[in-house]
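Secondary and tertiary structure notes
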Amino acid sequence: DFPSGYTGYHNYAEMVSELNQAVSDHPNLLTLRSIGKSYQGRDIWAVKISDNPGSDEAEPEALFTCNQHAREHLTVEMCLHIVKRYTDNYASNSTIRNTVDSREIWVIPSVNPDGAEYDIATGSFRAWRKNRQPNSTAVGTDPNRNWGHQWGCCGGSSGSGSSDTYRGTAAFSAPEVARVRDFTNSRVVGGVQQIKSHIDWHTYSELILWPYGYTYNDTAPGLDATQANVFQTMGRRMAALNGYTPQQASDLYVTDGSVDDWMWAAHKIWSYTFEMYPKSASGTSGFYPRDTQIATQTARNDTAVQLLLDYTDCVPRITGRTC
Ligand SMILES: NS(=O)(=O)N[C@@H](CCC(=O)O)C(=O)O
Ligand SMILES: [Ca+2]
Ligand SMILES: [Ca+2]
Ligand SMILES: [Zn+2]
């Protein structure tokens, strides 16, 4: 479990009971479902927040994914904060109510539950990043190098099983990644992807990143100058609200097989990575802010999240275009 100073963080069981509590508190605003199992058999949970949550209504959909990387526990708190904020405040806050009534918001609070549990299993942090799937030389695939767009193309991942950026044996070889892929694919209804926007939450460095990560070029097949301008404009507008630094993912470093590249290339979902607090730290200590930071550093993103949800019907409207 989490050590002292960190007991405010949710372990897997605590996360699940928090989600069940949210459902019983707001049965008219959310549903909870498993989208499948992790390598070790833990459910990967997905919350849907909307009015009439049991019906698939013709409302633009947004997706938030958290905890691809095991040690990035603050991101689980970020996803839980989104669930609570858009349900607990529904009655009292008209902006939240209008958002929930006009969108369908999907939240996956832990993509990599096996890794997250492994990181805390001894009571001292292990700085574990990957999932817990064995490979030929070691354990763990990096979920954020295992997605299927330009998988392993460009030196943005490793082929060595012991590496923290091991890409896996093939795209989607990590069961956790395959399950989120399947869920996303399932949101193609009548040939149209219903999910229009996505944030994948990470720590740390306080950045907002957008595709592509596999190339330094601002434009590349499937991402033209107009679309790059939309990514930049929305990214900069959100960064102005949370104080993070906005940049194309490859400006940080080249990554291949990232979730953002696949969400955009496969589905034209306006997909961002948020790297949360802290801005900098000495090594792996940055992954472990004390639990006293949780409230501030999750709420810090409220207005950026709201902006993306406001534009989820047509993200290019941020540049004055129509959809
Ligand atoms: N959270 S992190 O691992 O330090 N950074 C992310 C950045 C993701 C990206 O560049 O798209 C990663 O390398 O997967
Ligand atoms: Ca609805
Ligand atoms: Ca819908
Ligand atoms: Zn990460």
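Let me begin by describing the structure that accompanies this report. (Residues numbered from 1 in each chain as written. Chains lettered and ligands numbered in written order. Predicted model: local features only at pLDDT ≥ 70, side-chain atom pairs only at ≥ 80, totals over all residues. Heavy atoms only, no water.)

Re the coordination of the zinc ion (ligand 4)
Counted only if it meets this: Note that water is not among the atoms used; donors are N, O and S atoms within 2.8 Å of the metal (3.2 Å for Na, K and Ca), so sites may look incomplete. Helix and strand assignments come from DSSP, with helices taken as H or I runs of at least 4 residues and strands as E runs of at least 2, each series counted from the N terminus. Buried, partly exposed and exposed residues are distinguished by accessible area as a fraction of the type maximum, computed with a 1.4 Å probe on protein chains only: under 20%, between the cut-offs, and over 50%, respectively.
All of the protein donors around the zinc ion (ligand 4) are His69 (ND1), Glu72 (OE), Glu72 (OE) and His202 (ND1); their distances to the metal are 2.0 to 2.3 Å. In primary sequence terms, the donor set of the zinc ion (ligand 4) follows H-x2-E-x129-H. With glutamate 72 in the loop between strand S3 (61–66) and helix H2 (74–88) and histidine 202 in strand S7 (residues 195–203), this residue pair connects regions lying 130 residues apart in the sequence. Of the residues examined, glutamate 72 reaches a relative accessible area of 2% and is grouped as buried.

Comments concerning empty space enclosed by the protein
Just so we agree on the cut-off: Using a 1 Å grid laid over the protein atoms alone, points where a 1.4 Å probe fits but cannot get out form a cavity; open sets with protein on both sides within 12 Å along at least 5 of 7 lines form a pocket; any residue with an atom within 4 Å of a point counts as lining. Grid points are joined across faces, edges and corners, and a volume is the space filled by probe spheres set on the points.
Enumeration over the complete set of coordinates arrives at one cavity of 30 Å³ or more. Taken as a whole, the largest cavity encloses approximately 90 Å³ of empty space. The wall of the largest cavity is formed by 13 residues, among which His10, Asn11, Tyr12, Asn67 and Ala116 lie closest to the centre. If you tally residues by element for the lining of the largest cavity, the top one is helix H4 (residues 113–120), at four residues.

A short note on helix H8 (residues 259–267)
Along H8, seven of the nine residues are buried, which leaves the element largely enclosed by surrounding structure. Among all positions of H8, only Val259, Asp260, Asp261, Trp262, Met263, Trp264 and His267 are buried. Downstream of H8 by a residue or two, lysine 268 has a phi angle that is positive, lying close to 55 degrees.

Section: the layout of surface pockets
To find the voids left in a structure, one rolls a probe of water-molecule size over its atoms. Rules: Note that Gly is not counted as nonpolar here; it falls among the polar residues with everything else outside the nonpolar set of Ala, Val, Leu, Ile, Met, Phe, Trp, Tyr, Cys and Pro and the charged set of Asp, Glu, Lys and Arg.
By volume, the largest pocket is sized at about 310 Å³. What lines the largest pocket is a set of 24 residues, and nearest its centre among them are Asn144, Leu209, Leu252, Tyr253 and Glu275. Elements with a minimum of two residues in the lining of the largest pocket: S7, strand S8 (207–210), helix H7 (249–252), H8 and strand S10 (270–276). When residues of the lining of the largest pocket are assigned to their parent elements, the largest contribution, three residues, is made by H8. Along the lines of polarity and charge, the residues of the lining of the largest pocket split into eight nonpolar, nine polar and seven charged. Roughly 230 Å³ of volume is contained in the second largest pocket. Along the wall of the second largest pocket there are 17 residues; nearest its centre are Lys268, Trp270, Val315, Pro316 and Cys323. The leading source of residues in the lining of the second largest pocket is helix H6 (residues 225–242), at three residues. A breakdown of the residues in the lining of the second largest pocket according to their chemical character gives seven nonpolar, five polar and five charged.

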